[in-house]
Amino acid sequence: MSRLYFPKDFIWGSATAAYQIEGAYQEDGKGESIWDRFSHTPGKVANGDTGDVACDHYHRYKEDVELMKEIGLDSYRFSISWPRILPKGKGEINQQGLDFYRGLINELLKAGIKPVVTLYHWDLPQALQEEGGWANREIVKHFVNYAEILFNEFGDVVSQWITHNEPFVVAFNGHGSGDHAPGIKDQQVALQVAHNLLLSHGLAVKKFRELKLDNEIGITLNLISSYPISDNVEDNKAAKRMEDYINGWFLEPLFKGRYPERIVEFYGEKFNNLDIREDDMGLIKEEIDFLGINYYSRSLVRYNKDSKFLGIEGVKPQDSQYTAMDWEIYPKGLYDLLIKLNQEYTQKPLYITENGAAFDDKISEGGGVHDQDRIDYLKAHFQSAYKAIQEGVALKGYYVWSLMDNFEWAYGYSKRFGITYIDYENNQRRILKDSAYWYKNIIVNNSLEV
Ligand SMILES: OC[C@@H]1[C@@H](O)[C@H](O)[C@@H](O)c2nc(CNc3ccccc3)cn21
């Protein structure tokens, strides 16, 4: 056996999001979010699950920081709930909301764990949705107002800020397919939402720079590596369209100040109808300090002239392994993605802000949770990250999704991504899974045994 040693200042962390773990959905002045509304709408979430209680993190955050300390995390990535801070999305500030996050951050700092804050992880205040939400360009100033409140409140204790988590999902799952809140099914709206999200990101970064804070700011994108099933021209073009659809639509504006031409042509009138103003692309391209990457799996495609989705048909190799989300396990895709980002987009610091897998974890008779499949998944992806670092990619940290099992959006509590098991039938009891103990050893040694 040999050991792969990561750079001495490499950051090992874990990540969560407010709506997925906090619960206390109506407590201490919190306003309604679009996910409160969506999850309470019959038929939207598996088994009628909601985030009303979730992991009850709102009341158990001190216990949860103790878990992070036991695992030995260097850093913890979490999101702040906009409606906890501004119940109506704007106007009056809810001091109890600020107090909760102050308490959490204080516990993290006492434990020597770096707080990394995601400003927006999908839980828009419902009151803003009722004014059009992300489809209404007015939202940009409300987001910047919200961000400025947090920059001023926590700018001296937060290590890094992430403006948005996965604008692709907010736009296309929330406003295209409609399987995420607010459940709109309109590609034209989805494209406008994507643009307004990017614009809000750029203006929040601009505000951050004006405040002259000495921490860092970036954005997190869900990115894939896209491969053709054959080397024929049409399959290759289909794979490129897939990459432009998921990756390019956000990477190109953020780093090159333009939308990817291939897909712009495909969108045609829907693109021409967008409200894009003269300075927008320059504002979106405001320089960031790092890029966050959420990687879970690859995309393998073939051209299908009858496919209404970009002429693309997904392919699932029979000899591959799959997670409980039916996502192909493909660690090489992480390596290929990191190399491509370094070569084609940025040499800025990169962080894996999410990587992990859902498996059907069970509590064993001995009381432990033996999730060897998750250990194998993480080990293979850590090896891909290591290889990319060895080849010069400025990968500075890795956040395992997730610290604990949680509310998995439209899947409710049916999918478990955590390195900590949540026993929903037993008062949300926390049980560190074998993967947590395995991860602890990686962190202590800052190396991977292979
Ligand atoms: O699905 C697991 C996590 C989810 O719990 C996080 O909140 C979210 O940031 C997240 N993003 C992805 C990757 N992107 C994705 C989003 C929706 C559908 C399919 C993939 C996976 N995950």
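Residues numbered from 1 in each chain as written. Predicted model: local features only at pLDDT ≥ 70, side-chain atom pairs only at ≥ 80, totals over all residues. Heavy atoms only, no water.

Visitor: I tried to follow the confidence of the model for the protein on my own but got confused; where do I start?
Guide: Close reading of the predicted structure is inappropriate where its pLDDT is low. Averaged over every residue, the pLDDT of the protein is 98; the share at 70 or more is 100%. What the predictor reports for the complex is a pTM of 0.98 with an ipTM of 0.97. (pLDDT = per-residue confidence, 0-100.)

Visitor: I keep staring at the site of the ligand and nothing clicks. Help me out?
Guide: Near the ligand lie 15 residues; those nearest to it are Gln20, His121, Glu166, Glu354 and Glu408. Between the ligand and Glu408, the relevant distance is 2.7 Å, taken from an oxygen atom to a side-chain nitrogen or oxygen of the residue. The fraction of the free accessible surface of the ligand (470 Å²) that becomes covered by protein chains is 84%. Residue composition of the shell around the ligand, by class: seven nonpolar, five polar and three charged. (Near = heavy atom within 4 Å. Polar contact = N/O pair within 3.5 Å; in protein donor to acceptor, adjacent residues only side chain to side chain. Areas by Shrake-Rupley, 256 points an atom, 1.4 Å probe, with all protein chains shown as cover. Nonpolar A, V, L, I, M, F, W, Y, C, P; charged D, E, K, R; others polar.)

Visitor: Please clarify how unusual backbone geometry should be interpreted in this entry.
Guide: Only a minority of non-glycine residues have a phi that is not negative, and only a minority of peptide bonds are not trans. Omega for the bond connecting Ala181 with Pro182 falls within 30 degrees of zero, at 5°, which places this linkage in the cis form. With respect to the helices and strands, the residue Pro182 is situated in the loop between helix H8 (167-177) and helix H9 (187-210). Geometrically, the link from Trp401 to Ser402 is a cis peptide bond, its omega value of 10° lying close to zero. Looking at the secondary structure, you find Ser402 in the loop between strand E12 (395-401) and strand E13 (420-423). (Helix = DSSP H or I, 4+ residues; strand = E, 2+ residues; numbered from the N terminus.)

Visitor: Please clarify how the packing of H8 against helix H10 (residues 233-256) should be interpreted in this entry.
Guide: For any two helices packed against each other, the geometry comes down to the angle between their axes and how far apart the axes lie. The geometry of H8 relative to H10 is characterised by a closest axis approach of 10 Å and an angle of 125° between their N-to-C directions. Taken as axis vectors, H8 and H10 run oblique relative to one another. As for how H8 packs across H10, the hand of that crossing is right-handed. Counting all contacts with H8, which are made through Pro167, Phe168 and Phe172, the residues of H10 involved are Tyr245, Ile246, Trp249 and Phe250. (Axes fitted to C-alpha atoms, helices over the stretch in contact; angles between N-to-C directions. Parallel < 35°, antiparallel > 145°, perpendicular 65-115°, else oblique. Left-handed = near helix turned anticlockwise from the far one by under 90°. Contact = heavy atoms within 4.5 Å.)

Visitor: What should I look at first to understand the environment of His180 in this one?
Guide: You can see His180 is positioned in the loop between H8 and H9. Assessed through its relative accessible area of 10%, His180 is described here as buried. Spatially, the C-alpha atoms of His180 and Val170 are 7.7 Å apart, while their sequence positions differ by ten residues. When near neighbours in sequence (up to four residues on either side) are disregarded, His180 contacts Trp35, Phe38, Trp122, Val169, Asn173, Gly174 and Trp409. (Buried < 20%, exposed > 50% of the residue type's maximum accessible area, 1.4 Å probe, protein only.)

Visitor: Honestly, the side chain of His175 in this entry has me stumped. Any pointers?
Guide: With respect to the secondary-structure elements, His175 resides in helix H8. Engagement of the side chain of His175 in a polar contact is seen with the backbone oxygen of Val170, the distance being 2.8 Å. Excluding residues that lie within four positions of it along the chain, His175 makes contacts with Val170, Pro182, Ile184, Lys185, Asp186, Gln187, Val189, Ala190 and Val193.

Visitor: Just to check I follow, could you spell out the UniProt feature "active site" (unreviewed entry) in the protein for this structure?
Guide: Here, the residues flagged by UniProt with the feature "active site" (unreviewed entry) are Glu166 and Glu354. Spanning 189 residues, the annotated positions come together in the fold, the maximum distance between their C-alpha atoms being 10.6 Å. Examined against the element boundaries, Glu166 turns out to sit in the loop between strand E5 (160-165) and H8. You can call Glu166 buried: its relative accessible area is 8%. Not counting chain neighbours up to four residues away, the residues in contact with Glu166 comprise Trp122, Thr220, Leu221, Asn222, Asn294 and Glu354. Within the element layout of this structure, Glu354 appears in strand E11 (residues 350-355). Within the local environment of Glu354, its side chain forms a polar contact with the side chain of Arg77, the two groups lying 3.0 Å apart. (UniProt positions renumbered as here; feature names shortened; annotations may be inferred.)

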